[in-house]
Structures are given as C-alpha cells and as structure tokens.
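Listed here are the chains, written in short residue letters.
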Amino acid sequence: MAGESSSLAEMMTGERVVVAVVVSRVLLSLPLSLISHGFSLFLLSLSAFLIELRAETSPFLLSPFTPRRGASSGILLGAVTLPAVMMSKLVQLTRAISLHQAQQDELAHVTMQYWAASASCCAILIYLSVVMSQAKKNESSSSSSSSVWLTRVSLTGTVLYGAACFVSLSIISHTGLNTSLKMLWMLLHGVAAVKLIRHLLRTFPSCASIGEALLVTSGLVLYFGDFLACTIAKICEKLIPVDLVSISYGIRRTETGIIIQGLLLGLLLFPMVFRFALHIYESSLNKRDGRPRTCSDTAKSVLFFVSLLPFMVVAVPSWMQFVHDFHHHPFLWVLAFVFSEPMKRVSLCIYWLLLIVVSVSRFYNISRGSKVERILLRKYYHLMAVLMFLPALVLQPKFLDLAFGAALAVFIALEIIRIWRIHPLGEPLHHFMNAFTDHRDSELLIVSHFSLLLGCALPIWMSSGFNDRALSPFAGILSLGIGDTMASMVGHKYGVLRWSKTGKKTVEGTAAGITSMMAVCYVLIPVLASMGYILSQGWWSLLVAVTATGMLEAYTAQLDNAFIPLVFYSLLCL
C-alpha cells in the first residue's frame, strides 16, 4: 500500500497537477461548438503525460539529446501550453461572435492556428515516442509489455486526434478539396516541427529542456507558417485565382503587426542568408588562391553588415509591401507613427532610455562585485520591466506594441553578433551578457533576456482585436514583474516551508506572489474601468487564474519567464 502511494506521488508531481488543473479549466469553459477541439486537447495532454512519465522513469531513453541540466523534461507543460492559449482565444472569439463583435473569418483563422500549434506538438510527441522506442530496443532486444501498451495507446490517440482535426477543419471549409488541403497544411506543420526541434536540440545542446524546446519549436513553426501561408496566398491571388487562396489566414492585420512580423522573421532568417554569403565569399577565396582559406574577422564583419543592411532595408520591406499591400516603406511609417504624438511617444522613449542606462550600469557593477545573489539581481530587472511597461500599456498601448517589436529585434541582432563573434562588438558583448546569466543560460545561447521580453510582449500582442478581458494584456507584466519577483524576494528572505525536499521554492514566497498579484489587480481594475476598458471578468475566475499561475511558478523547473505568462494569459481569457 505504501509502495502504491509512493509511486502515485512520483507520478503526480506538483507541476503535472497544476497543468492538469489548467487544462481542466480550459476544457470546462468550452462551448459545444468547440467539443472536437477540446477532445483533441485532452488527447494531446494524455499523450504528453504518458511520454513524460516514460522519459523520466527511464532517462536513458532521451540519450540522443542533451537537455538543459537541472531541469525536468517538461514535455507535458511544453506540449499543452501553446494549444491551450489558442483554445482560450477560440473561447473568447466564440463569445465575440455571439455578441456580433467578431467575424467568422477571424474564428476560422484562429481555428487554423490552434490546429497548426496542436499538430506541431502532436508530431513532436510522436517523434519523441519513436526515439524512446528505438532507444529501448537498443538497450534490450525484448520489448516489455508496458512499452507495447504505450505504443498502442499512442497510435490510438493519434488516430482519434486526426479524426477530431478532420471534423473541425471540415466545419470551416467549403469543399472536400479545401479540407484536404488544410489537413495537408497541418501535416506540413508537424514535419517542420520535428525537423526544427531536432536541429535546435543538436545545435544548442544543454540550452533548453525538451519542454522548452517544444514550446519554442511550436511557436516558431506557427509564426513561420503564418508568414508562408500569407506569401503563398498572395502569389496564388496574383497568378492563379483559384480556391487555393482560402489556405491563408484571411484577417486584416494592423500596420504594427505587419512590421513586427517582417522585422522578426527577417532577423531570424538572416543567419541563413549570412551563412550563404560567407560560403560564397570563402569559395571565391579558395578558387582564387587554389588552397583552403577561411574568412578573416575583419572581412567577416564587413560582410555581415553589408549583407544585413540591404536584407533588412530592401528585401524585408519589399515582402511587407507585396504580401500585405503595405503602401509605405515600414521605416518611414514608423517615424511618422512616433512623431504623430511627439510629446507622449518621444517622452516615453526618453524615459525608457534613461531607465535602461541607469539600471543596466548600476546592476552591472553590482553583478561584478558578486555580493548580491544572481537570482535577486535578475528580479530587479523584472521590477524594471514593470516600471517601463505598465505605464505605457495603460497610456500608449499601440506604441508599446511597436516598441516591443523593436526591442526584440535589437536583442535578436545583438545575440546573432555575440554568437558569430562579429568584430568589434561580438567579444565585448559576450563578456557583458555573461554578467547577467544564470544556470539556465549557456555559452552557446543566452535566453533570459529574450524570455523576459517575450513573456511581457506576447500577451499584449495576442490581445489585439476583440478583447473582453481587460487584464489579459497585463498577464506577462503581472505574472513576471509582480508575482514572480515578490515570490522570489519574499521566499529568499523569509521562506521556511519548502514545497518539496529538493526544490528551493517556499510556501511563503508563493503566498506573497499570489497576494501581490491580486492586490495589483484590485488597484488596476478601477483604473482601467475609468479609462473605458471592458471589465467582464469575475473575481472568482481571476483568483483561480492567479492561484494556478502562482502554483506553477512554485513547482515548475522549466524557464518560468516563457511558460507562466502564457498560462496566466490563457486562464484570463476564459
């Protein structure tokens, strides 16, 4: 009896229980029209749970990969987070359609996004299951009964998942051909996700857990899939005006959204462009001298900036203008947008710049002295994020959208320069960034600043359009800037009761995080009401969302900056 209770406790860890609560909350909020979606999310969660259980029971099964040290696999959390977010958006849009405040096209667009994210996660789970089965065969020639049982369950779940996907896509399609094309599009998302996660885990070993890599992969595939669908649809519209155009996500996008997508995708694609240019240059050197030669640091730096400038100033804006009928050069539009309200927006830029210069110089000197623990030093940046973003989100939300995109673009460009060691900035930038890293970062890839910025930005970007939950754009700022920061500081100074024997999170810290988030919400809601925001969320629903988020922060060993804002956002949308 004691052995059974012990094995049950090992099976139902705190993180898994919190994920189960979050998924249950999402499923219980679904209208009847989304039952097939809910069934697929349940199957995805069950499959991810079984695969995570198998991976952590026999760690050697994931030996082909080198995940981040000190973290659990996180497969369940990584597999359900993005689909749960898209499901919450579907619930919110269903309410909007019942109130005649949204169009069916927008619902069809988000439905495609849900199935694309879900298909990516499902394909990765199938891939992990195959990898583990192969490792099991190599370890032992005889297959155990549990392995056979798990394989049968996985196959059954995959067939049922495909059936649910087919039913859902049939509802939003006009013809059988249209449904088939959409099913093929989901399959392509799955194949791309498998190839991408293999590339990420092998190119950046020890940089992420399996769950973190799963979340990043599904997000990137979804984002690039949207880019590719828009491009294909526009080409078909110009050349072959047939029903194939309906593959696109046919909703009207804001100028800010178009610029952010073009800017970020351009920078993410640029390393491939630079690698190709570098290869051509080195090949020309080898052909000229008749012997193998590598590019010098100076030549590489010149080639980098010479390639970057035309790519970002000419190629990327040309794509925006062609695909989205953007009638101005994006950089000129940005200047006109900023100076359309110069007093507010330029003043906000000056305020941000002063705050960044003062904070970074101060914290950099502290980090070099090593008198303050690194975890507390990082939480000061979370507080700085609150000071920067909270006033802007209340007073200038559209400008903040654009500012987040610009800041993320700068971070990506600097990380590319650091990784490639582009002279003269690469080496000094590497030493400077290392002053702010912790155990979750590595020499290959520093993700902390990305995760904090994206954690604050994603809820704001996803809240564009219809939004009857005024607090949902604040999900990242509240969960990371307030809740996570207070939990760490109070737990570090006053925490006594630990949630687990091996973990560092304390009951006192979690209670402080939950209480502080509720207190800020209590102050923020009247302010938003006075500014005309729609306030339709009950306090009970808010308490459930805040508590679940606080418990996830307490139990997860994953990168909390990435997961906590998305989970909190999905719960706030319900």
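Residues numbered from 1 in each chain as written. Predicted model: local features only at pLDDT ≥ 70, side-chain atom pairs only at ≥ 80, totals over all residues. Heavy atoms only, no water.

Draft legend 1. Focus on the overall build of the chain. Of the regular secondary structure elements, the chain holds 20 helices and zero strands. Among the 574 residues that make up the chain, the fraction classed as buried is 52%. Within the chain, counting contacts between residues at least 6 apart in sequence, those at least 24 apart form 77% of the total. (Helix = DSSP H or I, 4+ residues; strand = E, 2+ residues; numbered from the N terminus. Buried < 20%, exposed > 50% of the residue type's maximum accessible area, 1.4 Å probe, protein only. Contact = heavy atoms within 4.5 Å.)

Draft legend 2. Highlighting empty space enclosed by the protein. Considering all chains together, one arrives at three cavities of 30 Å³ or more under this definition. In this model, the largest cavity occupies a volume close to 70 Å³. If you go around the largest cavity, the residues you meet are Val18, Val19, Val22, Val23, Leu77, Val80, Thr81, Ala84, Leu552, Val567 and Ser570. For the lining of the largest cavity, the secondary-structure elements that each account for two or more residues are α2 (14–28), α4 (75–98) and α20 (560–572). Looking at side-chain class alone, the lining of the largest cavity contains nine nonpolar, two polar and no charged residues. Estimated volume of the second largest cavity: approximately 60 Å³. Every residue along the wall of the second largest cavity is listed here: Ser479, Gly483, Asp484, Ala487, Thr510, Gly513, Ile514, Met517, Thr549, Gly550, Glu553 and Ile564. Looking at the lining of the second largest cavity, the elements with two or more residues in it are α17 (475–494), α18 (507–530) and α19 (539–555). (1 Å grid on protein atoms, 1.4 Å probe; cavity = no way out; pocket = protein on both sides within 12 Å on 5 of 7 lines; lining within 4 Å. Points joined across faces, edges and corners; volume = space filled by probe spheres on them. Nonpolar A, V, L, I, M, F, W, Y, C, P; charged D, E, K, R; others polar.)

Draft legend 3. Spatial organisation of the pattern of salt bridges. Enumeration over the complete set of coordinates arrives at eight salt bridges. Where Arg16 meets Glu56, a salt bridge forms, and the shortest distance between an N and an O atom there is 3.0 Å. With Arg16 in helix α2 and Glu56 in helix α3 (residues 35–57), the pair connects residues that are 40 residues apart, well separated along the chain. Accessibility expressed as a relative area gives 3% for Arg16, which makes it buried. For Glu553, the salt bridge is made with Lys505, and the minimal N-O distance between the two is 3.4 Å. (Salt bridge = Lys/Arg side-chain N within 4 Å of Asp/Glu carboxyl O.)

Draft legend 4. Geometry of the packing of aromatic side chains. In this structure the tally under the stated criterion is 16 aromatic pairs. Relative to Phe311, the ring of Phe270 has its centre 6.0 Å away and its plane inclined at 45 degrees; by these criteria the two rings are tilted. With a gap of 41 residues between them, Phe270 in helix α9 (residues 255–289) and Phe311 in helix α10 (residues 297–323) connect regions that are remote in the sequence. Of the two residues examined, Phe270 and Phe311, each falls in the buried class. Note on Phe304 and Phe305: the rings are 5.1 Å apart at their centroids and 90 degrees apart in plane angle, and the pair reads as edge-to-face. Through a chain of ring-to-ring contacts, the aromatic side chains of Phe270, Phe274, Phe304, Phe305, Phe311 and Trp420 assemble into a single cluster. Over the ring of Phe337 we find Arg345; its NZ or CZ atom is 4.0 Å from the centre of that ring. (Phe/Tyr/Trp six-rings, centres within 6.5 Å; stacked < 30°, edge-to-face > 60°. Lys NZ or Arg CZ within 6 Å of the ring centre and 35° of its normal.)

Draft legend 5. Expanded view of unusual backbone geometry. Of note, the amide linkage connecting His423 to Pro424 takes the cis form, showing an omega dihedral of 5 degrees. In this structure, Pro424 sits in the loop between α14 (397–420) and α15 (426–434). Unusually for a residue other than glycine, His100 sits at a positive phi of about 60 degrees. Tracing the backbone shows His100 in the loop between α4 and α5 (104–139). Positive phi is not limited to glycine here, since Arg421 has a value of about 55 degrees.

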